[in-house]
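Below, each chain spelled out in residue letters.
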Amino acid sequence: MEQDSPSGQTLGSQALGAQTLAVTVAGDEGSARLDRVLALRLAELSRSRLKALILAGQVTVKGLPIRDPAYHVTSGDTITIDVPEAVAAEPKGEDIALDIVYEDDDLIVIDKPSGLVVHPAAGHETGTLVNALIAHCGASLSGIGGVKRPGIVHRLDKDTTGLMVVAKNDRAHQSLSAQFADHGRTGAMRRGYIAFAWEVPGRARGTVDAPIDRHPYAREKMAVREGGREAITHWEIQEAFNGRDGKPVAALLACQLETGRTHQIRVHLAHIGHPLMGDSVYGPHFKTKASHLGPESQAALDALGRQALHAYLLALEHPKTGEILHWERGLPEDLLLLQKTLRATQ
């Protein structure tokens, strides 16, 4: 049975340390920002914690999840906050299988599968690549890159597959961080991606030079925005695919990054009118394009359930020996199937 707490919110079940809080928006709080109302009413939770809970979908208004901290509430709204059980500040090692491409005393390169989150965050406190690395590498990761991101010098989105390098000591972390900051402008660093994009660009290759920042309204998204951080993506058509009507419907693009912004390839390709196939965040308005695919391609895209993006190439200078190391990794099975079915329609 629920009861009102002295601070005005309602306390629900607290099994295993989890709790559900409820707040009713007062008359003088109407039209205020969601995060401001919660910060004023729930003093026991920090602003950063509240923002993380909102972005993770743990906050609902009138029963609907709201992921925008700037959402304006209405007087009388009921806000429900599901606060997960508190976890230790330091991630623990977990026995999660890793596809190791290369490893020595200084670094480890893995082929990340789809669905694996890189580091712990709200909603993903366990089961991450960091948890797997702690178990695999042991104490060597301690203290480098921050408690929740030990050894991490770059990242891939949860549903993007492919090559990632992780530092195993301070020297490697400093060297790799500098290389990723330079992005091959003066050094050996190269990062290559394979992307399946809707429609076929009108020229064989091109460069998108457009700054990226947080989306002004949907805070979980990024967007091309004036005044944002510099972002440069080079792309080249590798293969073009026709739909069942014989007209161009999709292209396989090789992309090279000159900068490393969050969601960069996804944002840039959507910006030039060629969003990634399967990208529900940046290409939802292209969903009807699937009707132009053959039935096998439609089934392969439905089964994919993610953006069609794979980090196939990684090159860098070894932080200790100075040797130029180069790795390539072919498409995973789900993208191979998509490619095969797209080719079969030709």
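Chemist: Please clarify how the overall build of the protein should be interpreted in this entry.
Modeler: Helix and strand content of the protein: 7 helices and 17 strands. Since a compact globule built from 346 residues should have a radius of gyration of about 20 Å, the 23 Å found for the protein is in line with a globular shape. On the principal axes, the C-alpha backbone points of the protein span a range of 65 × 55 × 40 Å. Going through the 346 residues of the protein one by one, you find that 45% of them count as buried. When contacts within the protein are restricted to residue pairs at least 6 apart in sequence, long-range pairs at least 24 apart make up 66% of them.

Chemist: Looking at this structure, I do not really get the nonpolar core. What am I missing?
Modeler: As a rule of thumb, nonpolar side chains are buried together in soluble globular proteins. Ranked by internal contacts, the top residues of the largest apolar core, which has 28 residues, are Leu 129, Leu 133, Tyr 193, Leu 253, Cys 255, Ile 265 and Leu 269. Once residues within four sequence positions are removed from consideration, Cys 255 is found in contact with Arg 191, Gly 192, Tyr 193, Ala 195, Thr 233, His 234, Trp 235, Ile 265 and Leu 269. Formed by 22 residues, the second largest nonpolar core is a distinct cluster that contains Phe 241, Phe 286, Leu 293 and Leu 304.

Chemist: I'm lost on the pairing of strand β16 (residues 309-317) in this one. Help?
Modeler: A regular strand carries its side chains on alternate faces of the sheet. Burial runs high along β16: 8 of the 9 residues are buried. As paired strands, strand β9 (residues 161-167) and β16 are joined by 2 bridges and run parallel to one another. Looking across to β16, one finds that Gly 162 is bridged to Ala 311. Two strands pair when backbone bridges link them, and strand β10 (residues 190-198) and β16 are joined in this way by 6 bridges, in the antiparallel orientation. By the bridge assignment for β16, Ile 194 is matched with His 310. Taken together, the 5 bridges between β16 and strand β17 (residues 324-328) define a ladder with antiparallel strand orientation. The partner of Leu 316 across the bridge, within β17, is Leu 325. Between β16 and β17, which follow one another and run antiparallel, lie 6 residues, and Gly 322 among them has a positive phi close to 80°.

Chemist: How do you make sense of the pattern of salt bridges when you look at a structure like this?
Modeler: With the rule as written, the count across this model stands at 16 salt bridges. In this structure, Asp 157 and Arg 155 form a salt bridge, with 3.5 Å as the shortest nitrogen-oxygen distance. Judged by its relative accessible area of 12%, Asp 157 is buried. You can call Arg 155 partly exposed: its relative accessible area is 42%. Residue Glu 236 pairs with Arg 205 through a salt bridge whose shortest N-O separation is 3.1 Å. Of the two residues, Glu 236 is situated in strand β14 (residues 232-242) and Arg 205 in strand β11 (residues 205-209); the sequence distance between them amounts to 31 residues. Several salt bridges converge on common partners, so that one network encompasses Arg 155, Asp 157, Arg 266 and Asp 279.

Chemist: What's the story with the environment of Pro 275 in this structure? I'm lost.
Modeler: Relative to the assigned elements, Pro 275 resides in the loop between α5 (264-271) and α6 (295-304). Separated by 73 residues in sequence, Pro 275 and Gly 202 have C-alpha atoms that sit 15 Å apart. Beyond its immediate stretch of four places on either side in the chain, Pro 275 contacts Phe 196, Ala 197, Trp 198, Leu 269, Ala 270, Tyr 282, Gly 283 and Phe 286.

Chemist: Before we go on, may I ask you to explain the pairing of strand β15 (residues 248-257) in this structure?
Modeler: Extensive coverage of β15 is indicated by the burial of 8 of its 10 residues. Sheet topology places β10 next to β15; 7 bridges connect them, and they run antiparallel. Within the sheet, the bridge partner assigned to Trp 198 lies in β15 and is Ala 250. With 9 bridges joining them, β14 and β15 adopt antiparallel strand pairing. Residue pairing in the sheet places Asn 242 in a bridge with Pro 248 of β15. Hairpin connection, β14 to β15: the antiparallel pair is bridged by 5 residues, and Gly 246 has positive phi, about 85°.

Chemist: So what exactly am I meant to see when it comes to the packing of aromatic side chains here?
Modeler: Centre-to-centre distance and the angle between the planes together describe a pair of aromatic rings. Tallied over the full model, the rule gives 2 aromatic pairs. Plain terms: the ring middles of Tyr 102 and Trp 327 are 5.5 Å apart, the flat faces sit at 50° to each other, and that makes the pair tilted. Of the two residues, Tyr 102 is situated in strand β7 (residues 100-103) and Trp 327 in strand β17; the sequence distance between them amounts to 225 residues. For Trp 327, a relative accessible area of 9% gives the class buried.

Chemist: What is the right way to read the confidence of the model for the protein from this model?
Modeler: The predicted coordinates should not be examined in detail at positions where pLDDT is low. Looking at the protein as a whole, its pLDDT mean stands at 88, while 92% of the residues score no less than 70. Note on residues 1-16: pLDDT under 50 across the span, and 30 contacts to partners over four residues away in sequence or across chains.

Chemist: When you look at unusual backbone geometry in this model, what are you seeing that I'm missing?
Modeler: Glycine aside, a negative phi is what most residues show, and trans is what most peptide bonds show. In this structure, Lys 62 takes a positive phi of about 55° despite not being glycine. Tracing the backbone through its elements, the reader meets Lys 62 in the loop between β4 (59-61) and β5 (64-65). Positioned with a positive phi, Glu 199 is a non-glycine residue whose angle comes to about 60°. You can see Glu 199 is positioned in the loop between β10 and β11. Accessibility expressed as a relative area gives 28% for Glu 199, which makes it partly exposed.

Chemist: Help me understand α6, please; the structure alone is not making it clear to me.
Modeler: Residues spaced three or four apart along an α-helix face the same direction, because each turn holds 3.6 residues. Three or more residues of α6 are buried, namely Ser 297, Ala 300, Leu 301 and Leu 304. Within α6, the buried residues cover an arc of 100° as seen down the axis, which keeps them to one side. Away from the buried face of α6 by more than 90 degrees, exposed residues Pro 295, Asp 302 and Ala 303 are located. For α6, the elements touching its buried residues are β10 and α7 (333-344).

How each quantity is defined
- Residues numbered from 1 in each chain as written.
- Predicted model: local features only at pLDDT ≥ 70, side-chain atom pairs only at ≥ 80, totals over all residues.
- Heavy atoms only, no water.
- Helix = DSSP H or I, 4+ residues; strand = E, 2+ residues; numbered from the N terminus.
- Rg over C-alpha atoms; globule rule 2.2 N^0.38 Å.
- Buried < 20%, exposed > 50% of the residue type's maximum accessible area, 1.4 Å probe, protein only.
- Contact = heavy atoms within 4.5 Å.
- Core = buried A, V, L, I, M, F, W, Y, C linked by side-chain atoms within 4.5 Å.
- Pairing = 2+ DSSP bridges.
- Salt bridge = Lys/Arg side-chain N within 4 Å of Asp/Glu carboxyl O.
- Phe/Tyr/Trp six-rings, centres within 6.5 Å; stacked < 30°, edge-to-face > 60°.
- pLDDT = per-residue confidence, 0-100.
- Arc of directions from axis to C-beta.

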